[in-house]
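Okay, here's what each chain looks like letter by letter:
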Amino acid sequence: MRLVIAGGHGKIALLLERLLAGRGDQAVALIRNPAHVTDVQEAGAEAVVCDLEAASADDVAALLSGADAVAFAAGAGPGSGAPRKDSVDRAASVLMADAAERAGVRRFVQVSSMGAGQPPQPGSDEVWASYITAKTAAEADLRARDLDWTILRPGGLTDAPATGKIRIAPPPVPRGAVPRADVAAVIAALLDNPGTRHQTLELAGGDSPVAAAVHSIS
Ligand SMILES: NC(=O)c1ccc[n+]([C@@H]2O[C@H](COP(=O)([O-])OP(=O)(O)OC[C@H]3O[C@@H](n4cnc5c(N)ncnc54)[C@H](OP(=O)(O)O)[C@@H]3O)[C@@H](O)[C@H]2O)c1
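Nothing here was measured: the structure is a model prediction, and the numbers come from that model.

Caption draft 1: The pairing of strand β3 (residues 46-49), seen in detail. Judged from the four bridges that link them, strand β2 (residues 26-31) and β3 form a sheet pairing that is parallel. Residue pairing in the sheet places Val28 in a bridge with Glu46 of β3. Viewed along the sheet, the connection from β2 through helix α2 (residues 37-42) into β3 turns out right-handed.

Caption draft 2: Geometry of the sheet that holds β3. If you trace the nine strands from one edge of the open sheet to the other, you get β3-β2-β1-β4-β5-β7-β11-β9-β12, paired in mixed fashion. On the outer flanks of this sheet lie β3 and β12 (208-209), each paired with one strand and no other. The pairing of strand β1 (residues 2-6) with β2 spans five bridges and is classified as parallel. Residue Ala6 lies in a different strand from β2, and its bridge partner there is Leu30. In the packing of helix α1 (residues 11-22) onto the sheet, the strands contacted are β1 and β2, and the crossing angle to β1 comes to about 170°.

Caption draft 3: The packing of aromatic side chains, seen in detail. Here the structure, examined in full by the defined rule, presents one aromatic pair. Considering the side-chain rings of Trp128 and Tyr131, the 5.4 Å spacing of their centres and the 45° angle between planes classify their relative orientation as tilted. Of this pair, Trp128 and Tyr131 both sit in helix α5 (residues 126-143), three residues apart, which is roughly one turn of the helix. Of the residues examined, Tyr131 reaches a relative accessible area of 19% and is grouped as buried.

Caption draft 4: Quick peek at the site of the ligand. What surrounds the ligand is a group of 27 residues, the closest being Glu53, Ala74, Tyr131, Lys135 and Arg180. Ile12 is positioned such that a nitrogen or oxygen atom in its backbone is 2.8 Å from an oxygen atom of the ligand. Here a nitrogen atom of the ligand and a side-chain polar atom of Asp51 are 2.8 Å apart. Protein coverage of the free-state accessible area of the ligand, which is 920 Å², stands at 83%. Judged by the fraction of its atoms near the pocket grid, the ligand is located in the largest pocket. If you list the elements that add at least two residues to the shell around the ligand, you get α1, α4 (82-103) and α5. When residues of the shell around the ligand are assigned to their parent elements, the largest contribution, three residues, is made by α4. In terms of residue class, the shell around the ligand is built from 10 nonpolar, nine polar and eight charged.

Here is what the cut-offs are and how they apply
Residues numbered from 1 in each chain as written. Predicted model: local features only at pLDDT ≥ 70, side-chain atom pairs only at ≥ 80, totals over all residues. Heavy atoms only, no water. Pairing = 2+ DSSP bridges. Helix = DSSP H or I, 4+ residues; strand = E, 2+ residues; numbered from the N terminus. Right-handed = clockwise from strand over helix to strand, strands pointing away. Contact = heavy atoms within 4.5 Å. Axes fitted to C-alpha atoms, helices over the stretch in contact; angles between N-to-C directions. Phe/Tyr/Trp six-rings, centres within 6.5 Å; stacked < 30°, edge-to-face > 60°. Buried < 20%, exposed > 50% of the residue type's maximum accessible area, 1.4 Å probe, protein only. Near = heavy atom within 4 Å. Polar contact = N/O pair within 3.5 Å; in protein donor to acceptor, adjacent residues only side chain to side chain. Areas by Shrake-Rupley, 256 points an atom, 1.4 Å probe, with all protein chains shown as cover. 1 Å grid on protein atoms, 1.4 Å probe; cavity = no way out; pocket = protein on both sides within 12 Å on 5 of 7 lines; lining within 4 Å. Sits in = over half its atoms within 2 Å of the grid points. Nonpolar A, V, L, I, M, F, W, Y, C, P; charged D, E, K, R; others polar.

Next comes the structure, spelled out in structure tokens:
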């Protein structure tokens, strides 16, 4: 499988790239900073420099040629304000989905977030509200497309080692932390289970082995 990962130098993305390389799949990491090429290559992926806040859908579609799937794992990240929540968490996902349609790449796994899908709680922090609004809009855009999408909403991410055990289901799943390493394993499992298309799934730490949990909802 050839997977193109938007946000290819992100923490989840690098874990996913190692995992895919370890099982003989090919990952292409879209990164915006040329200084990140070596890290991505060390994770076993091919690096392509592409700023998703500057590229056109045609630019990205050309990069998707020959791909089997797209994973959207980009994010404006901590420390960013409302404008970049919109330009990355929403608009870069829309751009990737536009490009996937143009390139004929049907499978698309989007990393969203628990909390998306409903309006921010009244009184929420302004940046959190703009983040949730951006994720909700990105989800809605993807759902409206003729693509084999899966939306994955993890709870709070940690850098703890993989546990291999999760709870994954359509909403609502009680909010809980989940290691990024388990999120990466779930993305790989979603790609292995195309029957998970057209599902919105929430993810937290739990008791079920990843492969079995994902297979059971496909
Ligand atoms: N933190 C949480 O608890 C939590 C919970 C649920 C979901 N999530 C979501 O999970 C996803 C991945 O999380 P993570 O921790 O792996 O994120 P991360 O480490 O912050 O990685 C995000 C990546 O997106 C890249 N990016 C930003 N703007 C870009 C652009 N214009 N063009 C190309 N790439 C760009 C960043 O590149 P640079 O390195 O160049 O900045 C970074 O490598 C995010 O969408 C996040 O919102 C987070």
